[in-house]
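Report on the structure
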Amino acid sequence: MKLNGNVVLLIILMMTALLLFTMCDNGGPAPENCDCADKGHLGIGETCNCGKANCTCTLKVYGEVVDNGSLGEIKIPIYRQGEVTDMATAVAKVIDAYGGLDDATRGALYGKIQEVRIIPGVTTASRSVENGKFIIVFGEERSMNGMRQYFNQAADNVDELAGGA
Ligand SMILES: [Zn+2]
Ligand SMILES: [Zn+2]
């Protein structure tokens, strides 16, 4: 029997498929899945160091600012960015700071803050814009009053969000 070009091509394709299948099959033991018990344990910019397949670990929400505005309740998550010493204290300060804002300020900020991040060891405050909302970054050493003052400053500058910068 004489092989024409199509048959030869078909044989080559079948052998290639067989080879690929064999290579996958002999690729060692099946990868282990991530076994972190608590999936939500990451700070901003971190990846899980389990080194395993199918890792679904996510950002840890250390606390939330709850705002019961006229349009319904919203929650602003508070994340860690870096090796913060005392997240519990920092989170309490953020919640107190926001909770003490006057009605006009809360109205101005309502729905305008995507998240709050805490960074280690400094007293700074800064903000950036993402998806038309503020990301507020506080140093963990910033005082509660300093955080409140910065929320007020952000409320006075919500026009920054329109530019989407
Ligand atoms: Zn993990
Ligand atoms: Zn993992």
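Residues numbered from 1 in each chain as written. Chains lettered and ligands numbered in written order. Predicted model: local features only at pLDDT ≥ 70, side-chain atom pairs only at ≥ 80, totals over all residues.

**Details of the overall build of the protein**
Regarding its fold elements, the protein presents five helices and seven strands. When the helices and strands of the protein are read in sequence order from the N terminus, they spell out α-β-β-β-β-α-α-β-β-β-α-α. Here the protein holds 165 residues, and the buried ones make up 18% of them. In the protein, the share of contacts with a sequence separation of at least 24, taken over all contacts with a separation of at least 6, comes to 44%. (Helix = DSSP H or I, 4+ residues; strand = E, 2+ residues; numbered from the N terminus. Buried ≥ 20, exposed ≤ 12 C-beta atoms within 10 Å, placed from the backbone. Contact = placed C-beta atoms within 7 Å.)

**Quick word on helix α4 (residues 144-155)**
With twelve residues, α4 should reach 16 Å at 1.5 Å per residue; the first-to-last C-alpha distance of 17 Å fits that figure. Where the residues of α4 are buried, they touch α2 (87-99), α3 (103-109), β6 (125-130) and β7 (133-139). (Expected span 1.5 Å × (residues − 1).)

**Things to note about the nonpolar core**
V94, V116, I136, F138 and F151 are the most contacted members of the largest nonpolar core, which has 23 residues in total. Looking at this core, the elements that each hand over two or more residues are β4 (72-80), α2, β5 (113-119), β7 and α4. Examining the composition of this core, we find that five residues originate from one element, α2, more than from any other. Apart from residues no more than four positions distant in its own chain, V116 is found in contact with V65, I76, I78, V94, I136 and F138. (Core = buried A, V, L, I, M, F, W, Y, C linked by C-beta atoms within 7 Å.)

**A look at the sheet that holds β4**
Read across the open sheet, the five strands follow the order β3-β4-β5-β7-β6; overall the sheet is mixed. Each edge of the open sheet is held by one strand with a lone partner, namely β3 (63-69) and β6. Each strand axis lies, on average, 20° off the axis of its neighbour in the sheet, ignoring direction. On top of the sheet, α2 reaches β3, β4, β5 and β7; it is set at about 15° to β3, its chief contact. α4 contacts β6 and β7 of the sheet and is inclined by roughly 35° relative to β6. (Pairing = 2+ DSSP bridges. Axes fitted to C-alpha atoms, helices over the stretch in contact; angles between N-to-C directions.)

**Some points on the packing of α2 against α4**
The interhelical angle for the contact between α2 and α4, taken along N-to-C directions, is 50°, at an axis separation of 8 Å. The angle between α2 and α4 falls in the class oblique. In this structure, α2 meets α4 at a crossing whose hand is right-handed. Residue-level inspection shows K93, V94, D96, A97 and Y98 of α2 in contact with α4, the latter providing M144, M147, R148 and F151. Across the contact of α2 with α4, the residue classes tally to six nonpolar, no polar and three charged. (Parallel < 35°, antiparallel > 145°, perpendicular 65-115°, else oblique. Left-handed = near helix turned anticlockwise from the far one by under 90°. Nonpolar A, V, L, I, M, F, W, Y, C, P; charged D, E, K, R; others polar.)

**As for the environment of I44**
Of note, I44 is situated in the loop between β1 (40-42) and β2 (58-59). On the neighbour-count criterion, I44 (16 C-beta atoms within 10 Å) is partly exposed. Between the C-alpha atoms of I44 and K60, which are 16 residues apart in sequence, the distance is 8.8 Å. In this structure, I44 is in contact with L59, Y79, R80, Q81 and R117, ignoring residues within four places of it in sequence.

**Quick look at α2**
Residues separated by three or four positions in an α-helix point in the same direction, a consequence of the helix having 3.6 residues per turn. In a regular helix each residue adds 1.5 Å, so 13 residues correspond to 18 Å; α2 covers 18 Å between its end C-alpha atoms and thus fits that length. Those residues of α2 that fall on the buried side of the exposure criterion are A90, V91, K93, V94, A97 and Y98. Within α2, the buried residues cover an arc of 160° as seen down the axis, which keeps them to one side. At its buried positions, α2 is contacted by β3, β4, β5, β7 and α4. (Arc of directions from axis to C-beta.)

**Observations concerning the confidence of the model for the protein**
Looking at the protein, the pLDDT average stands at 87 and 81% of residues meet or exceed 70. With pLDDT under 50 throughout, residues 18-24 is counted as low confidence; its partners more than four residues away or in other chains account for zero contacts. (pLDDT = per-residue confidence, 0-100.)

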